[in-house]
Every structure is written in C-alpha cells, then in structure tokens.
Amino acid sequence: MKVVVLLAVVLSMLIPTGAAVAAPASCQQYDARGICIVQTQTPGAPGGQADATGSVTPASVVPGTCSDQVSGQVIPCQSDAGWWVPARQCYAQLQAVQPPQRSPIWGGHTDGAIYLCTFYSGPGAFPGTAVFPFWAADPPAGPPAVDPAVLAAQALSSLEIPVPTTGRYPSGALPDGRPYTVVNAYTWFWSDPATFDTLTARADSGGVWAEVSVVPTALTFTPGDGAAAVVCAGPGTAWAPANGVWAPSPTGCDYRYPHSSIDEPAEQVTAAYTIEWIVSWTASTGADGVLPPLATTSTSTFAVAEAQALVTG
Amino acid sequence: MNRTLTVVPVGLMVAASAALAGCSSSNEEPTNTPSSTSTMSNSPAPVTTATPEEEASAQALALVPTYVATIDDLFLDPASALDNVYTVAVDPEASAEATAVQAFRQQGYRQLGRSQVVTTVVGAIDLTGDPNASPDPVLPSVQVTACVDVGAVQAVDAAGASVVAAGRPRYLVQDLTIVNIDYPDAASWRVREAPNRQADSCDG
C-alpha cells in the first residue's frame, strides 16, 4: 500500500497569511489550488509516523493531550463522537450500523470495521458535514497513553522535600564557642516535627491524574565518630528541662558518645541527620506504584566533651 | 419496437486518448475524456464484443472526469457531505481528499472555478484479483494518466484573499490507480491512489 501523509495539508493550511506558499518538493499529491495534500513519507523523518491507512501521527503529539492541528486548539481527548485519533485528526467511533459489504467504504476489505471520523469543526460548520466513515482493521489508535508513573514523577518534582533540623541535647557551648555534647550522656537528637510530615502532590494530563505521597519513615542519626547510625522511627523528641540532664530520649532517639572528640579533626565530630522517605502513588486509572525512596540530610558539627572537664575546666 | 444495444469499440477510444496525450494542451480548449457510449436504435445493427480489458479501460476512463468533478464539488460546496468522495474513490485516496476538504472548510476557505480533464491515457490493466489477500485485498486495476487543467480554480479565504499557491502551474498530471471493488460491476470503479505532479503543459 502506498504510504501517504495527510498532515501536510493540515500544516500547509495553517499558514497565517492569505497568500499560500508553494508545496514542498517532496509533495506526492497536490490539490487544484497548488497545496500539497499528500507528502512523500520518509521513514524516520520528522513529521510523523505513517500508519497502515496512510495517515500520519503528528510528531508533535504530547502524551495525554489532544489538539486539533488545523485550529491549533487543545481539545478534549474524548467526546460524544468518540476518542481523538491524532493520525486522522478526528474523533472516531465504531459506526453503529455497519454499511453493507459492497459499500466502497470497505474498499474491498472483508475484515475490520467501519468507523465514523468526526472532525473538530469550529463555529459556522455545516452540521453533519464533518463526519467521514472509514475502514480500519483495528480500532484506530487514540492519543499516546499517559503513563501514570510518569505523571507521579512529575508530581514528585513539584514537591520540596524538607531537610531535617538538627535538634540536640546536651547542646551547650564551650568557652571557645564551639557547641558540644557530653561523653556518655544520652545525646538526644530530633528534627522539627514540621519536617517530618507526609507530603502529597497531584499532576494531571489528558484527563488522567496521579497523586504522589511522600511519607517520612525514619530519622537516622550518624554520630560521626565511626559508630553505626541510630535509627529512630519518628522525628525524635525535643529535650525539655523537665526531662533532666541524664535521661534517655523517651522515643529512643539518642546516642551515647563513648569518647571525647579530642582525637577527631578540629576536635569535633560531624553528625548527620537524615530523614528517609518512601514515595508511593495512585492514579485515577486505578493504577498505583512506588517510586525510589528519598532521603534528606543535614549535618551538625560539635565537640564531644568529658563532663568532668566541663566541671573543672 | 426493437431495441438494440450498440457498443462502440473501446479499443479505438483508448487509441484516441493516447493520441491526445501527446499534444500540448495549454492553448487548447479542454477536451473531455472519451467514454463508452450506448445508443438506442430502431434498426438492427451489428454487435461488437469488447474484451474485459477494453471494458475495464472504458469504465475506468469514464470515471476520471466524474472523479475530478466530485472532488471539485466537495471544495465548492461546504454543505456537501464528505462521504460523497466514496462515489469516486476508496482509501487511501478517499481519506486524503476528505481530510483536505475538511481542513479547507475549517479554515473558512472557498473555491471558485472548476478543474477540467484535458487528456487521459490508459496504462497497465490487471484484472486479476485476490479479494482475500492480506492485509489488503488485491483488486482489479487500471492505471490511467490524466492531465487536468486547474488554471480556472481559485480559492480565497474569509477575507477574500487568494490562498492559491503562488506560481501554481496550470496543469496537474495525475497517475491514477483505479480499482474495482466489486468486479465486474461496471459501477464499482474507484480511484484508490492519485499521486500527481504539477506541469506547465500536458506534454510529456
């Protein structure tokens, strides 16, 4: 079957000036006005992918969106006239009463079915004249499907995931101004609860939406002295004087430094606070899934001092 | 009353068409394509039997001016139904023309004037077919080269400005593939493909 391209006529008629422009050299069929209506198809060339019916999928089709190339309008992908078929630039639906097999619409085919192609027509169109039946072996393809996972990723990118604050106790300052904690004391760590909250965002395209949920699962504290990280299920508990100086954190969000930091660079340690997040999504299509987990981190540098030194020093 | 059908030998018509094709037409009045004719007579006359190829050739040739006029009609009359194209064409040509007409109308363009077939020449004829071939049925076909004068065709937008391509040549030389979707039904010939080229004359 000859491969033809219908897009050329559409694009050529979009020329905004009153004077038409000569058709391209690759034109395979002109109309009486000198406008190209069928352009030679070059495999892989920009402009679209020809299908078995000889029409073309415009290369500019954006997944999940529908547009009428003649008017340039973004239009619904579904209407009472069926689903939008970019290759034919019309809404298509199965013709309820199939014409007899001898009808030329079948073109000699005995398989497939006859569909109604309803063009998007602006005001002033004659009712009923913008409908055109055509044969197709299979239902003509609608707009490129929207991948809800892609939408979810788009939604995620719209979110600003908070980094943890670096709450800690003991948290005094040495005479030289360096912050410190105390050897063997329960060093509480926490993050502002506002940084440890579920976030949601939604993105939609072409009538499909996906909502992403970003849920914090843990606050980890890497003490910076070479010991393993301490994992805390929540944001931790902010220390208050009523808790006392030597008490452990009621939520387990603490770490006891066994040694001073005198042997560390600058006689300090750098602790890392990390909030770990899981990311899941649901879509209006009923699909759901997960995206790779996230982590946001802040650091805090302080000295680990011997308590006695504090008393005597 | 005796009624006798007389068939004009189409082989002569094909020869005439071929002879026409060799002529420059730019200074000539448009010439209608020869077609098979039937006449009624009260007196007995000899009956000439045409071969299937001759019949197919004549029928395909007869379609050409109708095809050109029908496409013109669609551009001329914005109220005409797009599926009228199926009276003279099948896909992919039918869809190509319907899409072009729809885009033309949607832009608010109007056509003035008509195309005129100047010459037609029959090429290859293949009446073998395979209706069950996949993916597309193989249909009996006749190749026709037609030279069409489009010099009288004008088109304007809603503001009255011409939308005819600048420097448009006067003629279109069309390589028509005409198929029969229900062979040997004489009324079932349709244009399936119609690539063309622009020309300043019908010569060559």
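Predicted model only: the values in this text are computed from it and were never measured.

## Description of the overall build of chain A
Move 1: In terms of helices and strands, chain A carries three helices and 18 strands.
Move 2: Evaluated residue by residue, chain A yields a buried proportion of 44% over its 313 residues.
Move 3: Considering only contacts in chain A between residues 6 or more positions apart, those separated by 24 or more positions represent 60%.
Move 4: For chain A, the accessible area works out to roughly 14,700 Å², and carbon and sulfur atoms hold 59% of it.

## Remarks on the confidence of the model for chain B
Residues and elements named next belong to chain B.
Move 1: Averaged over every residue, the pLDDT of chain B is 82; residues scoring 70 or more account for 76%.
Move 2: For chain B, per-element mean pLDDT is lowest for strand β1 (residues 6-7), which scores 30, and highest for strand β5 (residues 141-149), which scores 98.
Move 3: Per the prediction output, this complex has pTM 0.60; the corresponding ipTM is 0.76.

## Considerations on the packing of aromatic side chains
Residues and elements named next belong to chain B.
Move 1: Under the definition given, this model contains 13 aromatic pairs over all chains.
Move 2: Taken together, a centroid distance of 5.5 Å and an interplanar angle of 75° make the contact between Phe-104 and Tyr-109 edge-to-face.
Move 3: The exposure class assigned to Phe-104 is buried, which follows from its relative accessible area of 0%.
Move 4: Considering the side-chain rings of Tyr-183 and Trp-189, the 6.2 Å spacing of their centres and the 80° angle between planes classify their relative orientation as edge-to-face.
Move 5: For Tyr-183, a relative accessible area of 31% corresponds to the partly exposed category.

## Here we look at the pairing of strand β8 (residues 189-193) of chain B
Residues and elements named next belong to chain B.
Move 1: Burial within β8 is extensive, with four of its five residues counted as buried.
Move 2: Both strand β7 (residues 171-180) and β8 contribute to a ladder of four bridges, which runs antiparallel. Residue pairing for β8: Ile-178 is matched across the bridge by Val-191.

## Observations regarding the pattern of salt bridges
Opposite charge on two side chains permits them to pair, given that their charged atoms come into close proximity.
Move 1: Evaluation of the coordinates by the stated rule reveals ten salt bridges over all chains.
Move 2: Between Asp-91 of chain B and Arg-88 of chain A there is a salt bridge whose closest N-O contact spans 3.9 Å. Placement of the pair is Asp-91 of chain B in the loop between α2 (52-76) and α3 (93-106) and Arg-88 of chain A in the loop between β6 (82-85) and β7 (90-94), with the two residues belonging to separate chains. Like Asp-91 of chain B, the residue Arg-88 of chain A is buried in the burial classification.
Move 3: Overlapping salt bridges bring together Arg-102 of chain A together with Asp-182 and Asp-185 of chain B as one network.

## A look at empty space enclosed by the protein
Move 1: A complete count under the given rule lists four cavities of 30 Å³ or more for this structure.
Move 2: The space that makes up the largest cavity amounts to roughly 160 Å³.
Move 3: Lining the largest cavity are 18 residues, with Ala-32 of chain A together with Ile-71, Ser-115, Leu-172 and Gln-174 of chain B positioned closest to its centre.
Move 4: Listing elements by their share of the lining of the largest cavity, those giving two or more residues are β1 (27-30) of chain A together with α2 and β7 of chain B.
Move 5: Ranked by residue count, the leading element in the lining of the largest cavity is α2 of chain B, at five residues.

## Some remarks on the interface of chain B and chain A
Move 1: Residue-level contacts link 55 residues of chain B with 46 residues of chain A.
Move 2: Summing the contributions of chain B and of chain A, the shared interface buries around 4,000 Å²; its carbon and sulfur component is 60%.
Move 3: It is Tyr-86, Thr-99 and Gln-106 of chain B that lose the most area in chain B upon contact with chain A, and together they represent 14% of the buried surface on that side.
Move 4: For the pair chain B and chain A, the interface holds three salt bridges.
Move 5: Asp-182 of chain B is the partner of Arg-102 of chain A in a salt bridge, and the nearest nitrogen-oxygen pair spans 2.7 Å.
Move 6: Taken together, chain B and chain A are joined by 14 residue pairs in polar contact (both at pLDDT 80 or more).
Move 7: Residue assignment for the side of chain B that touches chain A shows that the elements contributing at least two residues are α2, α3, β8 and β9 (196-199) of chain B.
Move 8: Examining the composition of the side of chain B that touches chain A, we find that 13 residues originate from one element, α3 of chain B, more than from any other.
Move 9: Class assignment for the residues of the side of chain B that touches chain A results in 32 nonpolar, eleven polar and twelve charged.

## Description of the nonpolar core
Move 1: If you look at the biggest cluster of nonpolar residues, it comprises 62 residues, and the most contacted ones within it are Phe-132 of chain A together with Tyr-67, Val-144, Leu-176 and Ile-178 of chain B.
Move 2: Sort the elements by how many residues they give to this core and α2 of chain B lands first, with ten residues.
Move 3: If sequence neighbours within four positions are ignored, Phe-132 of chain A has contacts with Tyr-115, Leu-116, Cys-117 and Phe-119 of chain A together with Leu-82, Asp-83, Val-85, Tyr-86, Ala-94, Ser-95 and Ala-98 of chain B.
Move 4: Within the second largest apolar cluster, 34 residues are counted, among which are Val-208, Val-214, Phe-221 and Tyr-273 of chain A.

## Let's talk about the side chain of Ser-300 of chain A
Move 1: With respect to the helices and strands, the residue Ser-300 of chain A is situated in strand β18 (residues 288-305).
Move 2: Apart from the residues lying within four places of it in its own chain, the contact partners of Ser-300 of chain A are Thr-166, Arg-168, Val-269, Thr-270, Ala-271 and Tyr-273 of chain A.

## Some remarks on the sheet that holds strand β10 (residues 167-169) of chain A
Residue and element names in this part refer to chain A.
Move 1: Read from one edge of the open sheet, three strands run β10-β12-β16, paired in antiparallel fashion. Each having just a single partner strand, β10 and β16 (254-255) make up the two edges of the open sheet.
Move 2: Sheet topology note: the strand β12 (residues 187-190)/β16 ladder contains two bridges and is antiparallel. What sits directly across from Trp-188, in β16, is Asp-254.

## Things to note about the environment of Gly-224 of chain A
Residues and elements named next belong to chain A.
Move 1: Examined against the element boundaries, Gly-224 turns out to sit in the loop between β14 (208-222) and β15 (230-232).
Move 2: Considered as a pair, Gly-224 and Thr-301 are 77 residues apart in the sequence and their alpha carbons are 8.8 Å apart.
Move 3: Residue contacts for Gly-224: discarding those within four places in its chain leaves Glu-264, Val-269, Thr-270 and Ala-271.

Calculation notes
The numbers attached to residues start from 1 for each chain and follow its sequence in the written order. Whichever chain is written first becomes A and whichever ligand is written first becomes 1, with later ones labelled in order. Totals for whole chains, interfaces and linings use all residues, but because this is a predicted model, local features are given only for residues with pLDDT of at least 70 and pairs of side-chain atoms are given and counted only at 80 or more. The side-chain numbers reported here are obtained from all heavy atoms of the structure, hydrogens and water having been left aside. What counts as a helix is a DSSP run of H or I of at least four residues, what counts as a strand is a run of E of at least two, and both are numbered from the N terminus. Relative accessible area decides the class of each residue, using a 1.4 Å probe on protein chains only: under 20% of the type maximum gives buried, over 50% gives exposed, and in between gives partly exposed. Two residues form a contact once any of their heavy atoms are found within 4.5 Å. Accessible surface is estimated by sampling points in the Shrake-Rupley manner with a 1.4 Å probe; for residues, cover comes only from the protein chains shown. Scored between 0 and 100, pLDDT is the confidence that the predictor attaches to each residue. Stacked, edge-to-face and tilted are the three classes for Phe, Tyr and Trp ring pairs, Trp counted by its six-membered ring, which pair at centre distances within 6.5 Å; planes under 30 degrees apart are stacked, over 60 edge-to-face, the rest tilted. Strand pairing requires that DSSP identify at least two bridges connecting the strands. Salt bridges are defined by distance alone: a side-chain nitrogen of Lys or Arg within 4 Å of a carboxyl oxygen of Asp or Glu. Definitions used throughout: a 1 Å grid over protein atoms alone; a cavity as a set of points that fits a 1.4 Å probe which cannot get out; a pocket as an open set with protein on both sides within 12 Å along at least five of seven lines; a lining residue as one with an atom within 4 Å of a point. Grid points are joined across faces, edges and corners, and a volume is the space filled by probe spheres set on the points. Here's the idea: put two parts together, see how much 1.4 Å probe accessible area each one loses, and the total over both is what we call buried area. In protein, a polar contact means a hydrogen-donor-capable atom and an acceptor-capable atom, both N or O and within 3.5 Å, with residues adjacent in sequence counting only if both atoms are side-chain atoms; elsewhere, any N or O pair within 3.5 Å suffices. Three classes are used: nonpolar for Ala, Val, Leu, Ile, Met, Phe, Trp, Tyr, Cys and Pro, charged for Asp, Glu, Lys and Arg, and polar for all others, with Gly counted as polar. Remark: nonpolar core denotes a set of buried residues (Ala, Val, Leu, Ile, Met, Phe, Trp, Tyr, Cys) joined through side-chain atoms within 4.5 Å.

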